[in-house]
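Each chain, written out:
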Amino acid sequence: MSNESAFSRLHPLTLSLWFFFVLTVTVMTVNPILAALSLLFSALYKALTTGISIKGISVSLAFMLLIALLNPLFSHHGVTVLFFLNDLPVTLESLLFGGMMSLVVMSSVLWCGALALCMTSDKVIWLFGKPFPKLAVLISLTLRLLPAIKTSYGRMKDARTAAGLYDDSSPFARISSSLRIFSALVTMILEDSIDTADSMKARGLMLRGRTSCSIFRFRPADFAVLALVLLSAAAAAYSSVSKAVLFTFYPAVSYGSMGAVTALTYGSFALTAVVPSFMEVTLWKQLHSTTYRSNTPQARNSRSTV
Amino acid sequence: MTKRKLAAELLLVLAAVPLCVSAGSLLFADRRYMLVAAVIALISCLLFFLSFEGRDTGTKKLVLISAMTALSVAGRFLFSPIPFFKPVTAIVIICGVNLGCEAGFLCGSLSAFISNFLFMQGPWTPFQMFIWGAIGFFAGLLSKPLKSSPVLLLSYGALSGILYSAFMDIWTTVWFDGTFLFSRYAAAAVAAIPVTIVYIFSNIVFLFALSGPIGKKLERVRTKYGF
Amino acid sequence: MSFSVCEGELVLLCGRSGSGKSTLLKLIKREIAPFGERGGEIRLFGRSEEDLSERDSVSKIGFVAQSVEAQLVTETVWRELAFGAESLGLPSGEIRRRIAETAMYFGLERLFRRKTATLSGGEKQLLNLASVMVCEPSVLLLDEPTAQLDPIAAKKLISCVLRLNRELGITVLVCEHRVDELFSYADRILCLDKGRIVTDLPPKTAASDASVFFGALPTAAQIFRRLGGSGEAPITTAQCRSFLADKKVTPAFHPDPECTSTPAAAIKNVFFRYGKSDRDILSDLSFSADTGSVTSILGGNGAGKSTLLKIIAGVEKPYSGKLLLGGKNAVKKHALKTVLLPQSPRELFMTSSVYEDLLESACAAGYGKEAGEAAVNKTAGELGITALLHRHPYDLSGGEQQKAALAKLLLLNPDILLLDEPTKGMDYDSKRETIRLIAALKAKGKTVIIATHDTQTAALCSDRCALLFDGSVVCSDAPGEFFTGLAHYTTPEAHIARGIIPGAVTSDDIVNAVRQQ
């Protein structure tokens, strides 16, 4: 597969636990250091996989700035009053909290992009397959139907365009033309579903004791990543309970002293979050081509000759 | 399991979630309840899926649910040039009304889950799964009146648009702030008014245009192939 | 009816459409047996059907239907292969072994991790067959498995079925109307008529038996029967060649087609690709179709036949080159009305009755209400579908759907009709009917352009044939010259007549050449 990232080669179980941990910490944290680490590594991973553009960066920065600046307008906690707006105080703490939230929101969005890249439908179905075999079948069939619907829609539209029956002269006409095709598409999909049901029954969907096959293997790398995730999760949980990484904005910014536990929490989280980027850089090193998306004949030849 | 018992059980699950969320927001003036809400939304979906696994659903019904889900997800793409004007809610309602509570919930929650794979998966997915699932579930529960009166059906569509928007605004507020600030919620809700209007409008348009035909098509397939 | 099939036999079921072939096959597979009243008994593996356990019924009897797409139930190839074995509750390791082995046997290794949506029709049907074989059945029921495939993919599938029968000893019951390859390899030919078995004979005897209807015979036996041969009928090309070898023949004569002055559609040096980074589908293609003529475009998969039709129809625009309709540049505006009949005609149906669909066209063509209804009735009458007007389009047979779709297009008063694979998956009778329809369109003065894989139909109905390869036209000629000029990609009749009857490309040519002596 040409557009496979190194990280996504891990076992779905490892991947899902990794994403669960990193996303939970990212979404939940009020600690600016953790949020900053999360943003740093999510951005790094995006740069290594799909690449980032100047335009993308500026849009993201503007978005983050907006979140940071909007917060003081709604939240008036905090002791350091900067100025009054409509008789309401605008505080430094509130501004800082907004800045921290912008890190959280941005890194969540970036990690979710990474999730979409790595957790392919195959892996999602694996996750559901064991506890919910019937649901896995349902999801798999839906995913099979989607591209079929898309191509059928295109073909119906072509046939109607060719016959001059597709009117797109005005937005209203376009909507009604699309609706007409969509309705015909429903007929086609529903009528076809009977054959699909037959095919499923013929292959024993209704038999009891359905199992779920997997082509994924649990490799040493999975054990390593899983161990790392568990370690950082334990550290994060301990320091969260013992308030070692406590960071409060209101009424005034305050934080605990940097101890061994705090260092361990930050360190292990950073180590966990850097795993995808690390794998991306090291795995393909031997192939002399880090741009895994290039699938041109030249790129393929250069890979095979190395 | 009788139908009534099932409906009661599911209603309990569905009612528990918003209760827990609001209780959480009152008790913890903290970010933590954000996780509570997400986990509860997720768990209620998983509980539902579990009860679906335990029951005998005919293959044909399974395939029809899958077809309706695929159509609603595809609808999110096919009408993509027009922002927020999507048939998803309408199809979920139609599925619930014609195929029952369970089908409605599955169609709604899976539409959210699968389409977010193609659009953008995020912390909002469990909430979307929950609210769309609930819309489909109640459509199934109210199928008799909704089937008999087009006015009721369209009103239900409009109401779903409002509820969907209101619910997702709660989520936005919670996520951005960590706590439930009413001023922020009001601002979010006001900012979302144009979008909510498009939701209501699109639900009504799609229900008006599709509910009759799709209902007939489902009926035809069911009578022709006997189930 | 009663019949029995021995272990390891290959039985070919044939019969006209509606003779009950599909119903018979489905009755054997309990899970998908049609509803209705039943009498009699079905015995499987020496036991009554009821005694067979659910698990055995699923695994021991494999069923492949004709719908290529609708039979797929998952989104990736390997999951599709695993589906049946998962139902049987096999452990993961065992399933992995089975799907690996099956993928290798069917040559699906390269497709193993692909999405099912990205496969070609032939690959999809091969996957359908392979995923049934994962359950290791001992009986295989095939209901027109090649009906939606092009000839090359169909040959590949049939050769796979033959391998399963020869190498693994799997009992095969296949109903199929593409019989040229299967007929000679079958152990028995079972012919059905109106729900009864009228023939149950080995192929050689069946070929000369009058109870087997003409359309179910391979080309060789058809020629034999038309020439009134007696004794054992030839069923392969070689046998037919030796049957013809001692006959005295005259060379086939093809009259020169009359030349018309202006081409209805002409394409000059067209280049086309779907996206900037894609490859050229059409490159430097020039082509023309005369007014009031029938032109066939032949070529392999992905040669660009359908794309060419879309360009003429104005659905796609070339990035370089000219399209002339009626002598006028048509890239911006269509001077002549063109319509396109898609490969699956049901894509044109928008409503729940044929009548409403036809009325939609009539309205679009500018008829008023009453004039529109009259026009619908007239067109339906001409195409012989008056009785179908109030049926649901999806309840019609393939041939009927095509006629209804054609009626819908004809109501738009087109000058040029573009037909994409009009005979795909059709049985002998429907093919004849389609050829007759095309001739009728020509008689009305319409220009017809056909994209097809079907060399037999192209030879029978066209005035001109063009071979598309690598995005451009390699050769273009009248069918007589066209098909004698090609050595491999030609009609089965031309294969039979090569070197014996010069210039013969259709069975009419052969029959006339022999009769004239």
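Residues numbered from 1 in each chain as written. Chains lettered and ligands numbered in written order. Predicted model: local features only at pLDDT ≥ 70, side-chain atom pairs only at ≥ 80, totals over all residues. Heavy atoms only, no water.

In this section: the overall build of chain A. Each helix and strand in chain A was counted, giving ten helices and four strands. Since a compact globule built from 306 residues should have a radius of gyration of about 19 Å, the 25 Å found for chain A marks it as more spread out than a globular shape. Summarising its shape, the C-alpha atoms of chain A cover approximately 70 × 55 × 50 Å along the three principal directions. Looking at the 306 residues of chain A, the share that counts as buried comes to 52%. Of the contacts formed within chain A by residues at least 6 apart in sequence, a portion of 73% connects residues at least 24 apart. Surface accessibility of chain A: about 13800 Å² in total, with carbon and sulfur atoms responsible for 69%. Between the centroid of the 24 positive side chains of chain A and the centroid of its 13 negative side chains there is a distance of 8 Å. (Helix = DSSP H or I, 4+ residues; strand = E, 2+ residues; numbered from the N terminus. Rg over C-alpha atoms; globule rule 2.2 N^0.38 Å. Buried < 20%, exposed > 50% of the residue type's maximum accessible area, 1.4 Å probe, protein only. Contact = heavy atoms within 4.5 Å. Areas by Shrake-Rupley, 256 points an atom, 1.4 Å probe, with all protein chains shown as cover. Lys, Arg positive; Asp, Glu negative; His and termini not counted. Charge placed at Lys NZ, Arg CZ, Asp CG, Glu CD.)

Let us look at the confidence of the model for chain B. When pLDDT is averaged along chain B, the result is 82, and 81% of the positions lie at 70 or above. Here helix α1 (residues 3-27) of chain B is the element of chain B with the lowest mean pLDDT, 60, and helix α4 (residues 88-99) of chain B is the one with the highest, 94. (pLDDT = per-residue confidence, 0-100.)

Quick look at the nonpolar core now. Counting 108 residues, the largest nonpolar core has Leu-135, Ile-139 and Phe-182 of chain A together with Phe-49 and Met-68 of chain B as the members making the most contacts within it. In this structure, Ile-139 of chain A is in contact with Ile-125 and Phe-128 of chain A together with Leu-110, Phe-113 and Ile-114 of chain B, ignoring residues within four places of it in sequence. Leu-129, Ile-170, Ala-206 and Leu-217 of chain C belong to the second largest nonpolar core, which has 79 residues in total. (Core = buried A, V, L, I, M, F, W, Y, C linked by side-chain atoms within 4.5 Å.)

What follows is about the interface of chain B and chain A. The interface is formed by 63 residues belonging to chain B together with 58 residues belonging to chain A. Buried surface at the junction of chain B and chain A, summed over both partners, amounts to about 5300 Å²; 79% is from carbon and sulfur atoms. Where chain B meets chain A, there are three salt bridges. At the boundary of chain B with chain A, the tally comes to nine residue pairs in polar contact (both at pLDDT 80 or more). When contributions to the side of chain B that touches chain A are tallied by element, the ones reaching two or more residues are α2 (32-54), α3 (59-78), α5 (101-118), α8 (150-177), α9 (182-191) and α10 (193-224) of chain B. For the side of chain B that touches chain A, the leading source of residues is α3 of chain B, giving 16 residues. Its residues assigned to classes, the side of chain B that touches chain A shows 43 nonpolar, nine polar and eleven charged. (Buried area = accessible area lost by both parts, 1.4 Å probe. Salt bridge = Lys/Arg side-chain N within 4 Å of Asp/Glu carboxyl O. Polar contact = N/O pair within 3.5 Å; in protein donor to acceptor, adjacent residues only side chain to side chain. Nonpolar A, V, L, I, M, F, W, Y, C, P; charged D, E, K, R; others polar.)

Here the focus is the side chain of Lys-403 of chain C. Residue and element names in this part refer to chain C. By the element assignment, Lys-403 lies in helix α14 (residues 398-410). A distance of 3.2 Å separates the side chain of Lys-403 from the side chain of Glu-433, its partner in a polar contact. Lys-403 has contacts with Leu-383, Ile-385, Glu-433 and Leu-437, leaving out every residue within four places of it along the chain.

Here we take up the interface of chain B and chain C. A common way to report how large an interface is uses the accessible area buried once the components associate. Taken together, the contacts link five residues of chain B with four residues of chain C. Across the chain B/chain C interface, buried area totals approximately 300 Å², and carbon plus sulfur atoms make up 39% of it. Counting the contacts that link chain B with chain C gives two salt bridges. The partner of Asp-395 of chain C in a salt bridge is Arg-220 of chain B, and the shortest N-O contact between them spans 2.9 Å. Here chain B and chain C share three residue pairs in polar contact (both at pLDDT 80 or more) between them. The class makeup of the residues in the side of chain B that touches chain C is one nonpolar, one polar and three charged.

Here the focus is the pattern of salt bridges. Inspection of every chain in the model, using the stated rule, returns 38 salt bridges over all chains. Measuring nitrogen to oxygen at the nearest pair gives 3.1 Å for the salt bridge that ties Glu-86 of chain C to Arg-210 of chain A. Taken as a pair, Glu-86 of chain C in helix α3 (residues 77-87) and Arg-210 of chain A in the loop between α7 (171-202) and α8 (220-241) lie in two separate chains rather than in one. A single burial state applies to Glu-86 of chain C and to Arg-210 of chain A, both of which are buried.

A few words now on the sheet that holds strand β12 (residues 320-325) of chain C. Residue and element names in this part refer to chain C. As summarised here, the arrangement of the four strands in space is β10-β9-β12-β13, forming an open sheet in which the pairing is antiparallel. A single partner strand is all that each edge strand has here, and the edge strands are β10 (282-290) and β13 (328-329). The sheet contact formed by strand β9 (residues 263-272) and β10 spans six bridges and is antiparallel. Looking across to β10, one finds that Phe-272 is bridged to Leu-282. Taken strand by strand, helix α11 (residues 305-313) contacts β9, β10 and β12, and its axis lies near 115 degrees from that of β9. (Pairing = 2+ DSSP bridges. Axes fitted to C-alpha atoms, helices over the stretch in contact; angles between N-to-C directions.)

Burial analysis of α3 of chain C places eleven of its eleven residues in the buried class, which makes it a mostly covered element. For α3 of chain C, the set of buried residues is Val-77, Trp-78, Arg-79, Glu-80, Leu-81, Ala-82, Phe-83, Gly-84, Ala-85, Glu-86 and Ser-87 of chain C. On its buried side, α3 of chain C packs onto α5 (121-129), α6 (133-163) and α7 of chain A together with α2 (54-60), α4 (92-105) and α5 (121-133) of chain C.

Attention now goes to the packing of aromatic side chains. Evaluated as defined, the whole model comprises 29 aromatic pairs over all chains. Look at Phe-218 of chain A and Phe-223 of chain A: their rings are 4.9 Å apart centre to centre, the planes differ by 80 degrees, and that puts the pair in the edge-to-face class. A relative accessible area of 31% means that Phe-218 of chain A is categorised as partly exposed. On the basis of an interplanar angle of 70 degrees and a centroid distance of 5.4 Å, the ring pair of Tyr-105 of chain C and Phe-106 of chain C is categorised as edge-to-face. Through a chain of ring-to-ring contacts, the aromatic side chains of Phe-7, Trp-18, Phe-19, Tyr-45 and Trp-111 of chain A assemble into a single cluster. (Phe/Tyr/Trp six-rings, centres within 6.5 Å; stacked < 30°, edge-to-face > 60°.)

With four bridges joining them, strand β1 (residues 81-85) of chain A and strand β2 (residues 88-91) of chain A adopt antiparallel strand pairing. Looking at β2 of chain A, one finds that Leu-85 of chain A is bridged to Leu-88 of chain A.

Attention now goes to the packing of α3 of chain C against α5 of chain C. Two measures define how a pair of helices packs: the angle their axes make with one another and the distance between the axes. Residue and element names in this part refer to chain C. At a minimum axis distance of 7 Å, the contact between α3 and α5 shows a crossing angle of 35 degrees. The handedness of the crossing between α3 and α5 is right-handed. For the pair formed by α3 and α5, the contact residues are Val-77, Glu-80 and Leu-81 on the first element and Leu-127, Ala-130 and Ser-131 on the second. Within the contact of α3 with α5, the residues separate by chemical class into four nonpolar, one polar and one charged. (Left-handed = near helix turned anticlockwise from the far one by under 90°.)

Right, let's talk about the pairing of strand β5 (residues 139-143) of chain C for a bit. Residue and element names in this part refer to chain C. Within β5, five of the five residues are buried, leaving the element largely enclosed by the surrounding structure. One ladder, built from four bridges, connects strand β4 (residues 61-64) with β5; its direction is parallel. When the bridges of β5 are listed, Gly-62 appears paired with Leu-140. With five bridges connecting them, β5 and strand β6 (residues 171-175) associate as parallel partners.

On the secondary structure map, Arg-9 of chain A appears in the segment before α1 (12-28). Linking Arg-9 of chain A and Ser-254 of chain A, residues 245 residues apart in sequence, is a C-alpha distance of 42 Å.

What follows is about the state of the cysteines. A full pass over the atoms with the stated rule returns zero disulfides over all chains. Here Cys-118 of chain A stays free of any disulfide, with the sulfur of Cys-112 of chain A as its closest cysteine sulfur at 12 Å. Counting only cysteine sulfurs, Cys-95 of chain B is the nearest neighbor of Cys-107 of chain B, a cysteine outside any disulfide, at a range of 4.0 Å. (Disulfide = S-S within 2.5 Å.)

The next subject is the environment of Leu-285 of chain C. Residue and element names in this part refer to chain C. The residue Leu-285 is located in strand β10 in this model. As for Leu-285 and Leu-468, which are separated by 183 residues in sequence, their C-alpha atoms are 9.1 Å apart. Setting aside anything within four residues of it in sequence, one finds Leu-285 in contact with Ile-267, Lys-268, Asn-269, Val-270, Leu-308, Leu-468, Gly-471, Ser-472 and Val-473.

Strand pairing in a sheet takes place through backbone hydrogen bonds and is either antiparallel or parallel in direction. Residues and elements named next belong to chain C. Spatially, β4-β5-β6-β1-β7-β8 is the arrangement adopted by the six strands of the open sheet, whose pairing is mixed. The strands lining the two open edges of the sheet, one partner per strand, are β4 and β8 (196-201). Neighbour-to-neighbour, the strand axes of the sheet open up by a mean angle of 15 degrees, direction not taken into account. Lying over the sheet, α5 contacts β4 and β5, oriented at roughly 170 degrees with respect to β4. Docked against the sheet, helix α6 (residues 151-168) engages β1 (10-14), β5 and β6, running at close to 140 degrees with respect to β1.

Turning our eyes to something else, we now look at a nonpolar patch on the surface. All names here are of chain A. On the surface, Leu-66, Leu-70, Leu-73, Leu-82, Phe-83, Leu-85, Leu-92, Leu-96, Val-253 and Tyr-255 cluster together to form a nonpolar patch covering roughly 890 Å² of accessible area. Counting only elements with at least two residues in the nonpolar patch, the list comes to α3 (54-74), β1 and α4 (92-118). Inspection of the secondary structure puts Leu-92 in helix α4. (Patch = residues over 30% accessible without salt bridge, like charges linked within 9 Å, V, L, I, M, F, W, Y side chains within 5 Å.)

In this section: unusual backbone geometry. Excluding glycine, residues mostly carry a negative phi; peptide bonds, for their part, are mostly trans. Residue and element names in this part refer to chain C. The phi torsion at Lys-194 lies on the positive side, around 45 degrees, for a residue other than glycine. You can see Lys-194 is positioned in the loop between β7 (188-193) and β8. At Glu-421, a position not held by glycine, the phi torsion is positive, near 45 degrees. Tracing the sequence through the fold places Glu-421 in the loop between β15 (416-420) and α15 (428-443).

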